Amino acid sequence: MTTNADGHQTRPRRRTPAGAAVLREDVTEAIRAAVFEELATVGYARMSIEGIARRAGVGKTAVYRRWRSKLHLVLDIVSAIAVQGLPAPETGSLEGDLRVLYEVTSRALRHPVASQIIPDLQAEAARNPEIAEAMQKALRDGQEGVALKIVAAATRRGEVSEDLDDELALDLISGPLYWRAVVIRSPKLPKGYLGALARATAEAIKAL
């Protein structure tokens, strides 16, 4: 206890333990960015905490204070992709909404970093169930929220049946671009492909 100027006794303020310091968000973001760059440059197998720390301009301790291993670091980042989501298009038609979705998704999948990271992590997923689960969540759930909003809007407009199979519709919407970008890794889409894909997908969903 201490006595203040008014003669009242007060308790001394407790100092925050050194080990309980608040994690700086700018450092966390620098580490996340470094992970994407390391994955694109050397791949998951050769990626190391040392390399991530060096690229982020921090010490290894800063990385380990946030994630206990490179597996948990990658799982956290890949899983975070699923909750970022995309704004649901509002063009007024199913075909128009699909066209916007395909344009945004196509640009993201063709990005040099994504085009290298996704196939590499898929290869690792075949050997590691935890990565497989995180990849499935990121690739599926990341699109599911937007795709289902597009279908729900089309249902409200009367473009599709109220008894539509959402799972089948989601497969029809998400499958083609991932097939081209992730499976066969086609470097360039044919001219007019996205418009034709949106039109064909819209007609297929309406026929369900």
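No experiment lies behind these values; they were computed from the predicted model shown.

Enquirer: Explanation requested: helix 9 (residues 193-206) in the structure shown.
Expert: Residue pairs spaced three or four apart in an α-helix point in one direction, given the helix's 3.6 residues per turn. Counted at 1.5 Å a residue, the expected span for helix 9 with its 14 residues is 20 Å, and the 20 Å between its end C-alpha atoms agrees. Those residues of helix 9 that sit buried are Tyr 193, Leu 194, Gly 195, Leu 197, Ala 198, Thr 201, Ala 202 and Ile 205. Looking at the buried side of helix 9, the elements it contacts are helix 5 (94-110) and helix 8 (166-183).

Enquirer: Would you explain the packing of helix 5 against helix 9 in this entry?
Expert: Between two packed helices, both the angle of their axes relative to each other and the distance between the axes serve to describe the pair. Two numbers describe how helix 5 lies on helix 9: the axes approach to 8 Å, and their chain directions differ by 130 degrees. The pairing of helix 5 with helix 9 is recorded here as oblique in orientation. Along this stretch, helix 5 crosses helix 9, giving a crossing that reads as right-handed. Along the contact surface, helix 5 presents Leu 94, Glu 95, Leu 98, Arg 99, Tyr 102, Glu 103 and Ser 106, while helix 9 presents Leu 194, Gly 195, Leu 197, Ala 198, Arg 199, Thr 201, Ala 202, Ile 205 and Lys 206. Here the residues of the contact of helix 5 with helix 9 sort into eight nonpolar, three polar and five charged.

Enquirer: When you look at a nonpolar patch on the surface in this model, what are you seeing that I'm missing?
Expert: A cluster of nonpolar side chains, Trp 179, Val 183 and Ile 184, forms an exposed patch at the surface whose accessible area comes to about 320 Å². Inspection of the secondary structure assignment puts Ile 184 in the loop between helix 8 and helix 9.

Enquirer: How do you make sense of the side chain of Thr 28 when you look at a structure like this?
Expert: Counting through the fold element by element, Thr 28 comes out in helix 1 (residues 25-46). Setting aside its immediate chain neighbours within four residues, Thr 28 contacts Arg 66 and Trp 67.

Basis of the calculations
- Residues numbered from 1 in each chain as written.
- Predicted model: local features only at pLDDT ≥ 70, side-chain atom pairs only at ≥ 80, totals over all residues.
- Heavy atoms only, no water.
- Helix = DSSP H or I, 4+ residues; strand = E, 2+ residues; numbered from the N terminus.
- Expected span 1.5 Å × (residues − 1).
- Buried < 20%, exposed > 50% of the residue type's maximum accessible area, 1.4 Å probe, protein only.
- Contact = heavy atoms within 4.5 Å.
- Axes fitted to C-alpha atoms, helices over the stretch in contact; angles between N-to-C directions.
- Parallel < 35°, antiparallel > 145°, perpendicular 65-115°, else oblique.
- Left-handed = near helix turned anticlockwise from the far one by under 90°.
- Nonpolar A, V, L, I, M, F, W, Y, C, P; charged D, E, K, R; others polar.
- Patch = residues over 30% accessible without salt bridge, like charges linked within 9 Å, V, L, I, M, F, W, Y side chains within 5 Å.
- Areas by Shrake-Rupley, 256 points an atom, 1.4 Å probe, with all protein chains shown as cover.
- Salt bridge = Lys/Arg side-chain N within 4 Å of Asp/Glu carboxyl O.

Treat this as a map of the structure, not an account of what it does.
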